[in-house]
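Descriptive structure summary
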Amino acid sequence: MPLTILVVEDDLATRLSITDYLELSGYSAIPAVNGRDALARLDRHQPHLLITDAIMPEMDGYELVRQIRQQPNFRLLPVIFLTARNETRDRIRGYQAGIDLHMPKPFELEELAAVVRNFLDRYTMMSHASAVAAPAPAPVPDGPDVNIDLTDREQEVLDLLSQGLSNNQIGDRLYLSSRTIEKYVSNLLRKTDTSNRSELVRFAIEHHLLQG
């Protein structure tokens, strides 16, 4: 199936010459007379690339590209801008709108086709790369993957400990003394066979023991 290019140009002769040349080059070229017409064709044809004139009635190329870039499906759509205005401020305005390349008028169809081929060759390579199935991520267990019997209070202490709280801070949260919290921490170290708080928290994260 040929790659689709949306060609937006209000001048009939220019529009026909571009679409005919692209069709002869093996692409499917969809013509539109201005930005409003192009937006109406966008979802239906799902183009792989956009070629648009800058200055057109009803909706110009700047506004067309701005609206296209607001649509998640077309944020990365390659855009070639055709314009007789080639001053620095005009190019900056185009790039700020989201175009990829300025092509000043008049232009050679052969050069335009080379630019199109460059963009679409990269598109094809990226599509091929994304089609190669990556290994599916391992499902995250809903519960702990080790059998450690924690009391409700030990679980509370472990959850608060993972938040970086001190014994005094945990005691304030649970209305217990810091000495009592230290006993719970000692129990957790013993049950998880870890030697300090950092190892304990890392162990709890790796084995999905946290609930808070």
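Here the structure is a predicted model, which is why all the values come from computation and not from measurement. Residue indices begin from 1 for each chain and proceed along its sequence in written order. Owing to the predicted nature of the model, reporting of local features is limited to residues with pLDDT of at least 70; listing and counting of side-chain atom pairs is limited to 80 or more, with chain, interface and lining totals taken over all residues. Note: side-chain values were computed over all heavy atoms of the structure, leaving out hydrogens and water.

**Digging into the pattern of salt bridges**
Here is the rule: Within this document, salt bridges are pairs made up of a side-chain nitrogen of Lys or Arg and a carboxyl oxygen of Asp or Glu, the two lying within 4 Å of each other. Working definition: helices are DSSP H or I runs of at least four residues, strands are E runs of at least two. Numbering for both runs from the N terminus. Per-residue accessibility, obtained with a 1.4 Å probe over protein chains only, is compared with the maximum for each type, and a residue is labelled buried under 20%, exposed over 50%, and partly exposed between these values.
Counted according to the given criterion, the structure contains ten salt bridges. Where Arg-66 meets Glu-63, a salt bridge forms, and the shortest distance between an N and an O atom there is 2.5 Å. One end of the pair is Arg-66 and the other is Glu-63, both in helix H3 (residues 61–69) and three residues apart, which spans about a single turn. Look at Arg-66 and you get partly exposed, because its relative accessible area is 38%. We classify Glu-63 as partly exposed; its relative accessible area is 26%. A salt bridge links Arg-89 to Glu-87; its shortest N-O distance comes to 2.7 Å. Assessed through its relative accessible area of 42%, Glu-87 is described here as partly exposed. One salt-bridge network, in which partners are shared between bridges, spans Glu-9, Asp-53 and Lys-105.

**Regarding the packing of aromatic side chains**
To keep things clear, this is the line we draw: Any pair of Phe, Tyr and Trp rings, taking the six-membered ring for Trp, is counted once the centres come within 6.5 Å. Such a pair is stacked with planes under 30 degrees apart, edge-to-face with planes over 60 apart, and tilted for the rest. Charge over a ring is defined by NZ of Lys or CZ of Arg lying within 6 Å of the ring centre and within 35 degrees of the ring normal.
One pass over the structure, following the stated rule, counts one aromatic pair. Arranged with centres 5.0 Å apart and planes meeting at 70 degrees, the rings of Tyr-62 and Phe-81 form a pair that is edge-to-face. Taken together, the residues span a long stretch of sequence, with Tyr-62 in helix H3 and Phe-81 in strand E4 (residues 79–83) at a distance of 19 residues. The exposure class assigned to Phe-81 is buried, which follows from its relative accessible area of 0%. If you follow Arg-93 out to its NZ or CZ, it ends over the ring of Tyr-62, 3.7 Å from the centre.

**Thoughts on the sheet that holds strand E1 (residues 4–8)**
Counted only if it meets this: Two strands qualify as a pair provided DSSP detects at least 2 bridges between them. Axis lines are fitted through C-alpha atoms, for helices just across the contact stretch, and the angle between N-to-C directions can take any value from 0 to 180 degrees. Two residues qualify as a contact provided that any one of their heavy atoms is within 4.5 Å of a heavy atom in the partner residue.
In space, the five strands of this open sheet follow the order E2-E1-E3-E4-E5, with parallel pairing throughout. Bordering the open sheet on either side are strand E2 (28–32) and strand E5 (101–104), each of which pairs with just one other strand. Recorded for the sheet is a direction-independent mean angle of 20 degrees between the axes of neighbouring strands. Sitting on the sheet, helix H1 (residues 12–24) touches E1, E2, strand E3 (49–53) and E4, and the angle it makes with E2 is about 165 degrees. Along the sheet face, H3 touches E1, E3 and E4 and points at about 155 degrees away from the line of E3.

**A word on the environment of Glu-182**
On the secondary structure map, Glu-182 appears in helix H8 (residues 178–192). Sequence separation between Glu-182 and Ile-170 is twelve residues, and the spatial gap between their C-alpha atoms is 9.9 Å. Apart from the residues within four sequence positions on either side, Glu-182 is in contact with Asn-167 and Arg-197.

**Concerning unusual backbone geometry**
In the segment running from Lys-105 into Pro-106, the intervening peptide bond is cis, with an omega of -5 degrees. With respect to the helices and strands, Pro-106 occurs in the loop between E5 and helix H5 (109–131). At Glu-58, a residue that is not glycine, the phi angle is positive and equals roughly 70 degrees. Mapped onto the elements of the fold, Glu-58 is located in the loop between E3 and H3. On the accessibility criterion, Glu-58 (61% relative accessible area) is exposed. Although it is not a glycine, His-208 adopts a positive phi angle of roughly 60 degrees. Look at His-208 and you get partly exposed, because its relative accessible area is 28%.

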